[in-house]
Amino acid sequence: MKTVHVLVSRFDPSKGKHEARYEVAPGARVSILDLLRMIVEGPDPTLSFRSSCRVGMCGTCAVVVDGREALACQTPAPPPGHTVRVGPLRNVPVIKDLVVDTTPFFDRYRRVDPAGSGSAGGQPGGPETSGDCITCGACLSACTMSAVNEGFVGPAALFRGLRLVEEATGVEAETRLRGLATSDGIYGCRGHLDCLTVCPKDLALPQAISRLKRMAARRVFGLRVGP
């Protein structure tokens, strides 16, 4: 039976990092998460990774597949005879193998919304804020600016920031907008669009950040710009 060659990034704090190779004989229509489960249930029960809902709703299983961030449960495995490389998310510390410490991601999120205020759903500002972030961390992992600027809050936090600005009124809205109009906020983004290509929910992350920049130009700095 032909197998899929699975190259997995392994890391143990006491042993360091290396890449392990596994041969897995999957059935039809399996995902990357299925491959990882087959490895744990077969040749290597020590492999560590996270998963929960298995339907693309929780974001827990986000990893890097062949160099791009993705949800393991939603990413099809390659056909037998092919090779796939799986690694942990970037720009966050690795705890063990594919398990990362998401604290830096949520710390950035809390800088924008420290009280967890605002509604979780709805479409207050139109298409830029439609849909809900599942806080998988894929956008932060893919963001080249997050890699070079640890202070940058990242795409997911700014997406949340736009929703909060548009839900607020008067002084609160202006205060939130001024807080985002910094080099670690909206001006930390250089528009590389990496977040757009990896978001599993197809959220309009770059458009949200662009909208925040236009709002700040008008309402914070008094410039005349488009809508």
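A.B. asks: Sorry if this is basic, but what is going on with the overall build of the protein here?
C.D. replies: Along the backbone of the protein there are eight helices and seven strands. Along the three orthogonal principal directions, the C-alpha set of the protein runs to about 65 × 35 × 30 Å. Considering the protein as a whole, with its 227 residues, one finds that 48% of them fall into the buried category. When the accessible surface of the protein is totalled, it reaches about 11,100 Å², and 54% of it is carbon and sulfur. Considering the protein, the positive charge centre built from 28 side chains and the negative charge centre built from 22 side chains are found 3 Å apart.

A.B. asks: Please explain the pairing of strand β2 (residues 16-24) as it appears in this structure.
C.D. replies: Along any regular strand the residues' side chains alternate between the sheet's two faces. Sheet analysis places strand β1 (residues 4-12) next to β2, joined by nine bridges and oriented antiparallel. Residue pairing for β2: H5 is matched across the bridge by E23.

A.B. asks: What exactly am I supposed to notice about the packing of helix α5 (residues 155-167) against helix α6 (residues 170-180) here?
C.D. replies: For any two helices packed against each other, the geometry is given by the interaxial angle and the distance between the axes. Direction vectors running N to C along α5 and α6 enclose 160°, while the axes themselves pass 9 Å from each other. The pairing of α5 with α6 is recorded here as roughly antiparallel in orientation. Classified by chirality, the crossing of α6 by α5 is left-handed. Contact residues: L158, G161, L164 and V165 in α5; A173, R176, L177 and L180 in α6. Class assignment of the residues belonging to the contact of α5 with α6 gives a composition of six nonpolar, one polar and one charged.

A.B. asks: Just to check I follow, could you spell out the pattern of salt bridges for this structure?
C.D. replies: Two side chains of opposite charge can pair, provided their charged atoms sit close to one another. The tally for this structure, following the rule as stated, stands at 13 salt bridges. In this structure, D97 engages K96 in a salt bridge whose closest nitrogen and oxygen atoms are separated by 3.1 Å. Residue K96 is classed as partly exposed on the basis of its relative accessible area of 23%. Residues participating in the shared-partner salt-bridge network are R10, D44, K96 and D97.

A.B. asks: Before we go on, may I ask you to explain the environment of R160 in this structure?
C.D. replies: Its place among the elements puts R160 in helix α5. By relative accessible area, R160 is classed as buried at 9%. The spacing of R160 and L205 is 45 residues in sequence and 9.7 Å in space, taken between C-alpha atoms.

A.B. asks: Any chance you could explain the packing of aromatic side chains here in plain terms?
C.D. replies: Geometrically, a pair of aromatic rings is defined through the distance of the ring centres and the angle of the planes. Summed over the entire model, instances satisfying the criterion amount to two aromatic pairs. Here the aromatic rings of F105 and F106 are separated by 5.0 Å at their centres, their planes lie at 90°, and the arrangement is edge-to-face. Among the residues examined, F106 registers a relative accessible area of 28% and is labelled partly exposed.

A.B. asks: How do you make sense of unusual backbone geometry when you look at a structure like this?
C.D. replies: Working note: non-glycine residues mostly have negative phi, and peptide bonds are mostly trans. Its identity as a non-glycine residue notwithstanding, R54 has a phi of 70°, on the positive side. Even without being glycine, D66 reaches a positive phi, approximately 50°. The topology assignment puts D66 in the loop between β3 (62-65) and β4 (68-71).

A.B. asks: Teacher, can you tell me more about the pairing of β3 here?
C.D. replies: Judged by which residues are buried, β3 turns out to be covered on both faces: A62 and V64 on one side and V63 and V65 on the other are all buried. Bridging between β3 and strand β5 (residues 83-87) involves two bridges; their strand directions are antiparallel. By the bridge assignment for β5, V65 is matched with V86.

A.B. asks: So what exactly am I meant to see when it comes to the nonpolar core here?
C.D. replies: When a protein is soluble and globular, its nonpolar side chains tend to lie buried together. Counting 66 residues, the largest nonpolar core has V6, V8, I32, L35, V84, L158 and L212 as the members making the most contacts within it. Among the elements that take part in this core, α5 stands out by supplying seven residues, more than any other. For L212, the residues in contact, after removing those within four places along its chain, are L158, L162, V165, L177, L180 and I186.

A.B. asks: Could you clarify how one ought to interpret the layout of surface pockets in this entry?
C.D. replies: Once rolled over the atoms, a probe with the size of a water molecule shows which space is left empty. Considering only enclosed or pocket space, the largest pocket measures out at about 260 Å³ in volume. Around the largest pocket sit 26 residues that line it, and G59, T60, L89, T102 and C136 are the ones nearest its centre. A class-by-class count of the residues in the lining of the largest pocket yields 17 nonpolar, six polar and three charged.

Analysis parameters
- Residues numbered from 1 in each chain as written.
- Predicted model: local features only at pLDDT ≥ 70, side-chain atom pairs only at ≥ 80, totals over all residues.
- Heavy atoms only, no water.
- Helix = DSSP H or I, 4+ residues; strand = E, 2+ residues; numbered from the N terminus.
- Buried < 20%, exposed > 50% of the residue type's maximum accessible area, 1.4 Å probe, protein only.
- Areas by Shrake-Rupley, 256 points an atom, 1.4 Å probe, with all protein chains shown as cover.
- Lys, Arg positive; Asp, Glu negative; His and termini not counted.
- Charge placed at Lys NZ, Arg CZ, Asp CG, Glu CD.
- Pairing = 2+ DSSP bridges.
- Axes fitted to C-alpha atoms, helices over the stretch in contact; angles between N-to-C directions.
- Parallel < 35°, antiparallel > 145°, perpendicular 65-115°, else oblique.
- Left-handed = near helix turned anticlockwise from the far one by under 90°.
- Contact = heavy atoms within 4.5 Å.
- Nonpolar A, V, L, I, M, F, W, Y, C, P; charged D, E, K, R; others polar.
- Salt bridge = Lys/Arg side-chain N within 4 Å of Asp/Glu carboxyl O.
- Phe/Tyr/Trp six-rings, centres within 6.5 Å; stacked < 30°, edge-to-face > 60°.
- Core = buried A, V, L, I, M, F, W, Y, C linked by side-chain atoms within 4.5 Å.
- 1 Å grid on protein atoms, 1.4 Å probe; cavity = no way out; pocket = protein on both sides within 12 Å on 5 of 7 lines; lining within 4 Å.
- Points joined across faces, edges and corners; volume = space filled by probe spheres on them.

In short, geometric facts, not functional conclusions.
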